[in-house]
Amino acid sequence: MAVRKKNRSKPATEIVSVPDVEEVDAIEEVREAFEAPMLPVRAEPGPTFAGWVARRGLLAAIIFGVLLAPQFVDNVRENMISFALVYVVIGLSINILIGYAGQISLGHQAFVGVGAFTSAYIVSNSHLSFWIGLALAGLTGAGAALLLGLVALRLRGLYLALITLAYGFVAQNSIFNIPALTGGGAGAEAPRPAGFTGNMAFVYLCFIILAVLMYVDWRLVRSKVGRAIFAIRENELAAASFGINVTAYKLIAFVISGVFAGIGGSLFAHRSTVVVSADFNFALALTFVLMVVVGGLGSRVGVFIGSAFFALFPLIFNRFSKYTGLIGALLLLLTLTTFPGGIAQQIAPILRWFGGAPLRGHGKSQVIQSGGAGVRP
Amino acid sequence: MSVLEVRNLGIRFGGLQALAEVDIDVREWEIVGLIGPNGAGKTTFFNCVMGVYKPTTGTVQYRDEQVVGRPTHERVRLGIGRTFQNIGLVKVLPVMENMLIAQHAKARYGVLSGLLGLRASLEQEKVLKDNALEILDFMGLVDYRNAVVASLPYGLQKLTEIAAVLASDPEFLLLDEPTSGMSPEEAHAFGDLLLKLRTELNLTVLMIEHHVPLVVRVCDYVYCLNFGRLLAEGRPEEIRRHPEVVAAYLGEEHATA
Amino acid sequence: MKQFLVLGVINGAVYGLLATGLVLVYKGARVFNFAQAEFGTVAAFFAYWLIEKQHLPYWAGDLLAILGIAIVGFLVERLIVRPLFTAPRVTLLVATAGVALVLIQLQFIIVGANAVQIGPALRGIGVNILDVVVSPQRLLIFGVLVILGLGMGYFFSRTDLGLAVLATSQEPVATELAGIGTRRMSSFIWTFAAVLGGIAGVLLAPTGALFPGFMTITDLLPAFTAAVVGGITSLPGAFLGGLLIGITQGLGEFYFGSSTIVRGAANLLVFAVLVLVLLVRPKGLIGREA
């Protein structure tokens, strides 16, 4: 083995820096042979300086608008905003599992509920701080998701969907009804943390936590972790051939999703200050799924809009509350049958514009092509 | 010494004996061909070497290590790279993403560090990206780095897969029909590329290949499988004239080749 | 204990009927139909409206209700299943869950959240079976289900249409070549599955309160478990699986029903059976393709 390469990490440097006439010819030959079917690559000119200013300015204005919104609404509406933010946290959690990992979850309310009851118990029964409750909620949510992940190693597609559904049912009817832990039917109290008892303050607490989670989600996609999870979803065999530990990364996807769900559960509980098992029913699980599907699986922005929409829509149109559930379900069916990419697909041109591309009509964006109808067996 | 030493390999699927008593050696710096008619068990053999299937009998030794029973991803970390007949890339993602996925094992940072975006992970990501660009540049694919793999012509997808596998720094390559879907000119050019890669990167190669002129030109040694058993082995010219091989394989598909 | 067993068998027959509908759809479309139990609930509400509000005779109300749900099943196939013919199966699965949600929401809008009651089809004193008093309605359920089970056995093994349905599910391409349209079969399969759900719904309706989504809440999970226990592709297996699950639930209720520590022990037991069967013997316990 004396002839092994000296510099293993940068083979290309060696090649390019020590060209041999004869060998360069070989490469040229390959290039020419493959040139024939090559498509011309259109170089997109980037936006002008003014274009960048406009894009960044508008983006900043939107973000500030959202952040300042609680300042201009009444007390009741503040509470609605925090509700929407909690849903977005849960939406991000589901998106990791369904959108990134391609594992269907119809029992996500179980993870959210585990987090909610954990946090409530820690604060009300153990008299510890909200922050410890929040952390432990993330931990127990991860534990609950890990259990399901172990099952998912054996089962996939429809069977996994069935198990998750059953898991949710059992969690709601049995586990969340153990009186010693959850207060039984009466529910558990979950007071808000000191300093955040007001509705306005709680909104900003949600904003902070959501910002942290969105950062983690962003890094997830841009690191080897997210790439491994994508690769496993699309082609398990190829993923393993690139040295990815398929078993470990499947479980990691469940755990990360579980942490997000648990944290979402904790916020869910402390926002309403009391939590009962009936909160975590099957209809809620379906709402969670349909808000990410309608928002656009795999797209962070789409999930944000979809989740916030499904949280706010019944509250804002409460005069038509009879119909909001129906409209949501119909939107889901419409999305699945006509626009599998959801809201993200619809707003793709705008998102691309923010990224520096000229504003053009519809077309599939990168996001859709990678996430797309990521619900697959 | 042998890079790959397979002894008495056999695998059964239910009532079907897919492979039996297969002995194959690949020595340092060799390009070895594995040929045989469709359904002869060539890809199954690859899957046994990579740990996708667990063989019923026999041993697989890679350099000094017995690898039977070890999961695929661990075998890859020993320095084995593999390509697939139908392209082992994530086709819905851009070329660049695939180049990064391929370097998974080289990314030296923890999961938590990646999720929190700690500096170690960001620096590593930059190294991986630079490395990917270098290899893409070398392979003449750098213009396609942002193109979704599925949108590329088939030949380029094949080339991209090779680029991705090279990015993972392999010492030993298993290529599954690298020239399928290529024109004769492309296949010829591919042969030159392979020879060059071997010289430059010190690669040892075992490849499944149907394209006989390519096998004769680049391979140092050839094994022929038929119905899961070794039919013949030898130098390419010998194999090409071997009566049983001609009857079983060349006879039906490449009589005029 | 006997009481729980007898009740378990009767509940099990209902699960079995729903499970056969699930198996049928699975064979035809390779998807789990999460709307199967809602076909039953909707039919039960149809029957309630026709019998209690329109004062139709019992048999007419039930028949019309089943006809109504058949139309719903047909429409679901046309509007949802067909556009997703080539979509990934899990997408279709989410769509069936969406159908269930739409149906439940419609019930909330039209009927409201309050539970309603429907009178029993048969009045009279209960019959004594194994020292357990069983109401005539429950006996009727069991009787109808047994007859229906035998009828389906005949239909799928002796009639051309029945055999054609099974053929589509096993060899779609070959069936297409043999001149049987898989798309037309798809309509038939979903309609038929809706009818099976509907029959379960109208039979079950008089035994308890009707509220939106009631069959999804109480019967869907046991029915799925029954189908899985039966091997998901076997019609007789699904029916037997239903009985098995019903009895399991009855026993669970008997042994753990009064536990104050864990509620819903019977359902917990069903869940345990589901997980165990899927992990240990995914082919099902009594399954055989038929």
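Structure first, text after, so check above.
Residues numbered from 1 in each chain as written. Chains lettered and ligands numbered in written order. Predicted model: local features only at pLDDT ≥ 70, side-chain atom pairs only at ≥ 80, totals over all residues. Heavy atoms only, no water.

Draft legend 1. Quick peek at the overall build of chain C. The secondary structure content of chain C amounts to 12 helices and 2 strands. Within chain C, the fraction of its 290 residues that count as buried is 54%. Long-range contacts, defined as pairs at least 24 residues apart, comprise 76% of the intrachain contacts of chain C with a sequence gap of at least 6. If you sum the accessible surface of chain C, you get close to 12100 Å²; carbon and sulfur atoms cover 69% of it. (Helix = DSSP H or I, 4+ residues; strand = E, 2+ residues; numbered from the N terminus. Buried < 20%, exposed > 50% of the residue type's maximum accessible area, 1.4 Å probe, protein only. Contact = heavy atoms within 4.5 Å. Areas by Shrake-Rupley, 256 points an atom, 1.4 Å probe, with all protein chains shown as cover.)

Draft legend 2. Representation of the sheet that holds strand 4 (residues 57-62) of chain B. All names here are of chain B. Strand order across the open sheet formed by 4 strands is 2-1-4-5, with antiparallel pairing between neighbours. At either margin of the open sheet sits one strand with a lone partner, and together these are strand 2 (16-27) and strand 5 (65-66). Bridge count between strand 1 (residues 2-13) and strand 4: 5 bridges; the pairing is antiparallel. For Arg7, the partnering residue across the bridge sits in strand 4 and is Thr59. Each of strand 1, strand 2 and strand 4 is contacted by helix 1 (residues 42-50), which is oriented at about 115° to strand 1, the strand it contacts most. (Pairing = 2+ DSSP bridges. Axes fitted to C-alpha atoms, helices over the stretch in contact; angles between N-to-C directions.)

Draft legend 3. The interface of chain A and chain C, seen in detail. Listed by partner, the interface residues are 38 residues for chain A and 44 residues for chain C. Here chain A packs against chain C, burying approximately 3700 Å² in sum over the two surfaces, 84% of which is carbon and sulfur. On the chain A side of the interface with chain C, the three residues burying the most area are Leu158(A), Tyr159(A) and Leu162(A), jointly 18% of the side's total. Counting across the interface, chain A meets chain C through 0 salt bridges. Taken together, the connections running from chain A to chain C amount to 1 residue pair in polar contact (both at pLDDT 80 or more). Every element with two or more residues in the side of chain A that touches chain C is listed here: helix 6 (130-154), helix 7 (157-173), helix 13 (282-295) and helix 15 (321-338) of chain A. (Buried area = accessible area lost by both parts, 1.4 Å probe. Salt bridge = Lys/Arg side-chain N within 4 Å of Asp/Glu carboxyl O. Polar contact = N/O pair within 3.5 Å; in protein donor to acceptor, adjacent residues only side chain to side chain.)

Draft legend 4. Quick look at the sheet that holds strand 8 (residues 204-208) of chain B. Residue and element names in this part refer to chain B. The mixed open sheet is built from 6 strands, whose spatial order is 6-7-8-3-9-10. With partners counted over all chains shown, the strands left at the sheet margins are strand 6 (80-82) and strand 10 (229-234), one partner each. Between one strand axis and the next, the sheet turns through 15° on average, direction left out of account. By the bridge criterion, 5 bridges tie strand 9 (residues 221-226) to strand 10 in an arrangement that is antiparallel. Across the sheet, Tyr223 pairs through a bridge with Glu233, a residue of strand 10. Docked against the sheet, helix 7 (residues 184-201) engages strand 3 (31-35), strand 7 (172-176) and strand 8, running at close to 135° with respect to strand 3.

Draft legend 5. Representation of the nonpolar core within the structure. Met139(B) and Phe32(C) are the most contacted members of the largest nonpolar core, which totals 250 residues. For this core, the element with the highest residue contribution is helix 4 (residues 75-100) of chain A, accounting for 15 residues. Val6(B), Ile11(B), Val32(B) and Val76(B) belong to the second largest nonpolar core, which has 29 residues in total. (Core = buried A, V, L, I, M, F, W, Y, C linked by side-chain atoms within 4.5 Å.)

Draft legend 6. A look at the side chain of Asp62(C). All names here are of chain C. For Asp62, the location among the structural elements is in helix 3 (residues 58-81). Since its relative accessible area comes to 16%, Asp62 is described here as buried. The contact partners of Asp62, leaving out residues within four places of it in the chain, are Ala47, Ile51 and Val202.

Draft legend 7. Focus on the packing of helix 10 (residues 220-229) of chain C against helix 11 (residues 235-256) of chain C. All names here are of chain C. Contact pair helix 10 / helix 11: the axes reach a minimum separation of 7 Å and the direction vectors enclose 125°. In terms of axis orientation, helix 10 runs oblique to helix 11. Of the two elements, helix 10 crosses helix 11, and the hand of that crossing is right-handed. Facing helix 10, whose interface residues are Pro222, Thr225, Ala226, Ala227 and Val229, helix 11 presents Gly237, Ala238, Gly241, Gly242, Leu244, Ile245 and Gln249. Its residues placed into classes, the contact of helix 10 with helix 11 shows 7 nonpolar, 5 polar and no charged. (Parallel < 35°, antiparallel > 145°, perpendicular 65-115°, else oblique. Left-handed = near helix turned anticlockwise from the far one by under 90°. Nonpolar A, V, L, I, M, F, W, Y, C, P; charged D, E, K, R; others polar.)

Draft legend 8. Looking closely at the packing of aromatic side chains. Tallied over the entire structure, the rule returns 29 aromatic pairs over all chains. Residues Trp131(A) and Phe196(A) carry aromatic rings whose centres are separated by 6.3 Å and whose planes lie at 75° to one another, so their mutual orientation is edge-to-face. A residue pair is termed long-range when its members are at least 10 positions apart, and Trp131(A) in helix 6 and Phe196(A) in the loop between strand 1 (188-189) and helix 9 (199-221) qualify at 65 residues. Classification of Phe196(A) as partly exposed rests on a relative accessible area of 21%. On the basis of an interplanar angle of 40° and a centroid distance of 6.3 Å, the ring pair of Phe155(C) and Phe188(C) is categorised as tilted. Here Phe155(C) is found in helix 5 (residues 136-158), whereas its partner Phe188(C) is found in helix 8 (residues 182-204), with 33 residues between them in sequence. Here Phe155(C) falls in the buried class, since its relative accessible area comes to 17%. Residue classification places Phe188(C) among the partly exposed positions, given a relative accessible area of 25%. Three or more aromatic residues joined by ring pairs form one cluster here, namely Tyr159(A), Tyr26(C), Phe32(C), Phe34(C) and Phe224(C). The ring of Phe202(A) is capped by Arg192(A), whose NZ or CZ atom sits 4.5 Å from the centre of that ring. (Phe/Tyr/Trp six-rings, centres within 6.5 Å; stacked < 30°, edge-to-face > 60°. Lys NZ or Arg CZ within 6 Å of the ring centre and 35° of its normal.)

All we've got here are geometric facts, nothing functional implied.
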